[in-house]
Every structure is written in structure tokens, then in C-alpha cells.
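So the chains spell out like this:
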Amino acid sequence: MTTTLKCGFVTLVGLPNAGKSSLLNRLVGEELAIVTPKAQTTWQTLRGFLAKPDLELVITDTPGLQEGTVALNAALRKNAAKALSLAAQGNELIGLVIDAAELGARLRDKKPLGLEPIRRVIEEECGRLPLSIPCVLILNKSDLVRKQPYRDELEEIASKEFKGVFSSMQKILWTSVKTGEGIENCLEEFKAVLPMGQSGSLFDTEDLTDQNLRGFAAEFVREQCFLQLGAEIPYSIAVEITQFDEKDPKISRIEATLHVERESQKSIVLGEGGKKIKAIGMKAREKLERLLGRKVFLGLRVKVTPHWAREARWVERFGYGKAE
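Everything in this summary refers to the structure shown in the same document.

Conventions and cut-offs
Residues numbered from 1 in each chain as written. Predicted model: local features only at pLDDT ≥ 70, side-chain atom pairs only at ≥ 80, totals over all residues. Heavy atoms only, no water. Helix = DSSP H or I, 4+ residues; strand = E, 2+ residues; numbered from the N terminus. Rg over C-alpha atoms; globule rule 2.2 N^0.38 Å. Buried < 20%, exposed > 50% of the residue type's maximum accessible area, 1.4 Å probe, protein only. Contact = heavy atoms within 4.5 Å. Areas by Shrake-Rupley, 256 points an atom, 1.4 Å probe, with all protein chains shown as cover. Phe/Tyr/Trp six-rings, centres within 6.5 Å; stacked < 30°, edge-to-face > 60°. Lys NZ or Arg CZ within 6 Å of the ring centre and 35° of its normal. Polar contact = N/O pair within 3.5 Å; in protein donor to acceptor, adjacent residues only side chain to side chain. Core = buried A, V, L, I, M, F, W, Y, C linked by side-chain atoms within 4.5 Å. Expected span 1.5 Å × (residues − 1). Arc of directions from axis to C-beta. Axes fitted to C-alpha atoms, helices over the stretch in contact; angles between N-to-C directions. Parallel < 35°, antiparallel > 145°, perpendicular 65-115°, else oblique. Nonpolar A, V, L, I, M, F, W, Y, C, P; charged D, E, K, R; others polar. Pairing = 2+ DSSP bridges.

A word on the overall build of the chain
Line of reasoning, step 1. Per the secondary structure count, the chain includes 10 helices and 10 strands.
Line of reasoning, step 2. Over its C-alpha trace the chain gives a radius of gyration of 20 Å, about what one expects of a compact globule, namely 20 Å for 324 residues.
Line of reasoning, step 3. Here the chain, with 324 residues, has 51% of them falling under the buried criterion.
Line of reasoning, step 4. Pairs at least 24 residues apart make up 73% of the contacts formed inside the chain by residues separated by at least 6 positions.
Line of reasoning, step 5. Per element, the accessible surface of the chain, about 15,400 Å² overall, is 48% carbon and sulfur.

Let's talk about unusual backbone geometry
Line of reasoning, step 1. Phi at Lys-110 is positive, roughly 55°, even though this residue is not glycine.
Line of reasoning, step 2. Structurally, Lys-110 can be placed in the loop between helix H3 (100–108) and helix H4 (116–126).
Line of reasoning, step 3. Positive phi is not limited to glycine here, since Lys-141 has a value of about 65°.
Line of reasoning, step 4. Lys-141 sits in the partly exposed class, given a relative accessible area of 23%.

Quick word on the packing of aromatic side chains
Line of reasoning, step 1. In the structure shown here, the tally under the stated rule is 9 aromatic pairs.
Line of reasoning, step 2. Both rings, one in Trp-43 and one in Phe-226, keep their centres 6.3 Å apart while their planes meet at 80°; by these two values the pair is edge-to-face. A residue pair is termed long-range when its members are at least 10 positions apart, and Trp-43 in the loop between helix H1 (20–28) and strand E2 (46–52) and Phe-226 in helix H7 (residues 213–228) qualify at 183 residues.
Line of reasoning, step 3. With a centroid separation of 6.1 Å and 40° between ring planes, the pair formed by Trp-308 and Tyr-320 is classed as tilted. Separated by 12 residues along the polypeptide, Trp-308 in the loop between strand E10 (295–304) and helix H10 (312–317) and Tyr-320 in the segment after H10 bring together distant segments of the chain.
Line of reasoning, step 4. Given the relative accessible area of 0%, Trp-308 is considered buried.
Line of reasoning, step 5. By relative accessible area, Tyr-320 is classed as buried at 3%.
Line of reasoning, step 6. Among the aromatic residues, those joined into a cluster by ring pairs are Trp-43, Phe-226, Tyr-235, Trp-308, Trp-314, Phe-318 and Tyr-320.
Line of reasoning, step 7. The ring of Trp-174 is capped by Arg-151, whose NZ or CZ atom sits 4.6 Å from the centre of that ring.

Looking at the side chain of Thr-42
Line of reasoning, step 1. Checked against the element boundaries, Thr-42 lands in the loop between H1 and E2.
Line of reasoning, step 2. A polar contact of 2.7 Å, which involves the side chain of Thr-42, links it to the side chain of Ser-21.

Here's the deal with the nonpolar core
Line of reasoning, step 1. Leu-57, Phe-190, Ile-237, Leu-258, Val-269, Trp-308 and Tyr-320 are the most contacted members of the largest nonpolar core, which has 65 residues in total.
Line of reasoning, step 2. Ignoring anything within four residues of it in the chain, the contact list for Leu-258 reads Val-221, Cys-225, Ile-237, Ala-238, Val-239, Val-269, Ile-277, Leu-300, Arg-301, Val-302 and Lys-303.
Line of reasoning, step 3. Ranked by size, the runner-up nonpolar core spans 29 residues in total, among them Leu-84, Ala-87, Ala-100 and Cys-135.

Points about helix H5 (residues 148–161)
Line of reasoning, step 1. With 14 residues, H5 ought to run about 20 Å at 1.5 Å a step, and its terminal C-alpha atoms sit 20 Å apart, in line with that.
Line of reasoning, step 2. Listing the buried residues of H5 in full gives Tyr-150, Arg-151, Leu-154 and Ala-158. Buried residues along H5 cover an arc of 100° about the axis, so they all sit on one side. For H5, the exposed residues set more than 90 degrees away from the buried face come down to Pro-149 and Lys-160.

Comments concerning the packing of H1 against helix H6 (residues 183–193)
Line of reasoning, step 1. Look at H1 against H6: their axes get within 10 Å of each other, and the N-to-C directions meet at 80°. By the angle between their axes, H1 is roughly perpendicular relative to H6. Residues Leu-23, Arg-26 and Leu-27 of H1 form the contact with H6, whose participating residues are Ile-183, Cys-186, Leu-187 and Phe-190.
Line of reasoning, step 2. Its residues placed into classes, the contact of H1 with H6 shows 6 nonpolar, no polar and 1 charged.

Side note on the environment of Leu-144
Line of reasoning, step 1. Tracing the backbone shows Leu-144 in the loop between strand E5 (131–140) and H5.
Line of reasoning, step 2. For the pair formed by Leu-144 and Glu-102, sequence separation is 42 residues and the distance between their alpha carbons is 9.4 Å.

Quick look at the environment of Gly-319
Line of reasoning, step 1. Checked against the element boundaries, Gly-319 lands in the segment after H10.
Line of reasoning, step 2. Along the primary structure Gly-319 and Gln-44 are separated by 275 residues, whereas in three dimensions their C-alpha atoms are 8.3 Å apart.

Let's talk about the environment of Phe-220
Line of reasoning, step 1. Within the secondary structure layout, Phe-220 lies in helix H7.
Line of reasoning, step 2. Residue Phe-220 is classed as buried on the basis of its relative accessible area, which comes to 2%.
Line of reasoning, step 3. When the C-alpha atoms of Phe-220 and Leu-32 are compared, they prove to be 9.7 Å apart, with 188 residues separating the residues in sequence.
Line of reasoning, step 4. Sequence-distant contacts of Phe-220, that is, excluding residues within four places in its chain, are made with Leu-32, Ile-34, Ala-284, Lys-287, Leu-288 and Leu-291.

Focus: the sheet that holds strand E8 (residues 238–245)
Line of reasoning, step 1. On the basis of which strands lie adjacent, the open sheet formed by 3 strands has the order E8-E9-E10 and mixed pairing. Two strands in the sheet have a free side with no partner beyond their single neighbour: E8 and E10. Shown here is a sheet whose adjacent strand axes are inclined to one another by a mean of 20°, direction ignored.
Line of reasoning, step 2. Relative to strand E9 (residues 251–260), E8 runs antiparallel, the two being bridged by 7 bridges. When the sheet's bridge partners are listed, Phe-244 is paired in E9 with Ile-254.
Line of reasoning, step 3. Docked against the sheet, helix H8 (residues 263–270) engages E9 and E10, running at close to 155° with respect to E10.

Now the structure itself:
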């Protein structure tokens, strides 16, 4: 018997480091998207599936909306914009995620709020505003903004800032991945806005994502680069999976190349006596084994590919999208 329930697509957009990836993971209940304390960790879109008795969602995480002309930055902006454009064509909903703690800090210090790039990038990449798609405004990291009067002020500011960007602004929600505040409210609001549909019409309800395993392998390695290397180095590392062998049912054999832009970066990634690259490989391998449910051999090498992040051909080859 076919079950009728609420179902549809939710696309999470916002500035870098707003917490979109953490929110995706919390909503679907699995660590699908890589998460680090550094901004702009997400370079590609990732779709997670949520199946509940009364609700089935495809939730898309996107790179932070950003400006800039460097090939990699341009490709990431277009990845997010493409997800927005696709969302506007179907029965979808936008979750505009704002870092409420950062917004509050800027307000206290009387600094520019820094929200203007969202409007500019959306207008530049998607055309004339407003976009014909409903939007839920999600003020994230609510555990860092506790006083109600202050929350009210931030809600008013955010609402005014994005008036006219989307055709229909739904509720403003507060969420915290850390405490769980607002997560169920998010799901209830999604359910209220999205249409009725048939169970299983969007995805196989046994699946968590449509991301392939090679993609997860590359992302888990890149995540460890962000976590274990200095502030700037990870932004110059592209991870290319050169071998993914699952012929042996007991162990998956994966080889990956970490492309850096300069010889000095290669030395840092390798570390003294190869200690750093071994640590990156060990942590990424552990996470892959949890995902795959089997042993993994993960071999890593480092190669200098000069200025890859500035050249569209390399950005596209490594799977981070087209810069043009």
C-alpha cells in the first residue's frame, strides 16, 4: 500500500561558517557532511535523505555564498547558486541559515552586519529578485544568543535584510546543533510548507544520501586536512581519489593524491618523518571504516600542482565545479 505524506526538497544556503553542514547532519541524524571550525569547509553540494512516517526530505547542503574571482571561489559560488536555481524550479524550500552569534557580535560592536553578499550573489547568479520560492530564515547557533529581547532584535534585522529576496518568507526559526534547540521546529515548518506526495517517490527510504563512496573518501581526507593543518594550508589542498577497489569483501583499498600549490606546502602536509600525512590518513580511514562497515586501506601521497585553485581546468578536474 502506498503511503501519502509530506515530502519535498530543502536547500540550505548562507554565508560560510553559518553552520549549514552541521545542521544537515543534525537533521538527518548522520555525519554525512564534513564539519570543521574553519569557514568555507564545504566545497560541493551534498544531499542527505530523511525518512519519517509523516515526512520525507531531500536536504541539500551548499558551499557558503561568497564573492571573489579566484577560480575555486567562483566555482564554489556557482555550486551554491546552481542549487538555488534548481530549487526555484520545483516543489522546494530554501533554508537561509544565518550565524546568529556572529550577527549579534557585529551588532554589539557596531560593525557592518556582513549580510549583503548573500543578496548580491543570489541576484548576480540567479537573476532578478525576488526568487519565486518560499524561504525559512534559520538563525543558527542559538545557544550563544540566549536573551529574548536580543533575539527579537536580531529577528527584526534579519527579516528586513532579506525582504524581497524570496517571494515568500515563512517563519523565522532558532536552531542549535549543539543543544538540539529548534531542530524539531525546523522539521515541522518544512512539513507545513512542502506539498503532499508518495512515500519513496524522491529516494529509496533505506538510503541516507546519493553521494558516492569515492566522494565520501575524498571529503573525509579533506576534512582531516582542515582539522590537522594550519589556518591557510587546507584551502590549497585538492583531494583526488586515484583508486577505489572494493573487490575484496573484507577490505576496501583506496589511493588518494593531495594536490598542493607549492613545494613548501608539501613539506608541511607530509610533516617531519611523514607524521602529519600518516595522522591525516589514520583519522580519515577510521571514519571511512565506520561508514563502510569494513576494513579500509588508505594510501595518501602529496603532489605539487602549481596554482591549481586559480585555474578553472584544475578546479573542474578535481570535481569542485566549473568556475565559468
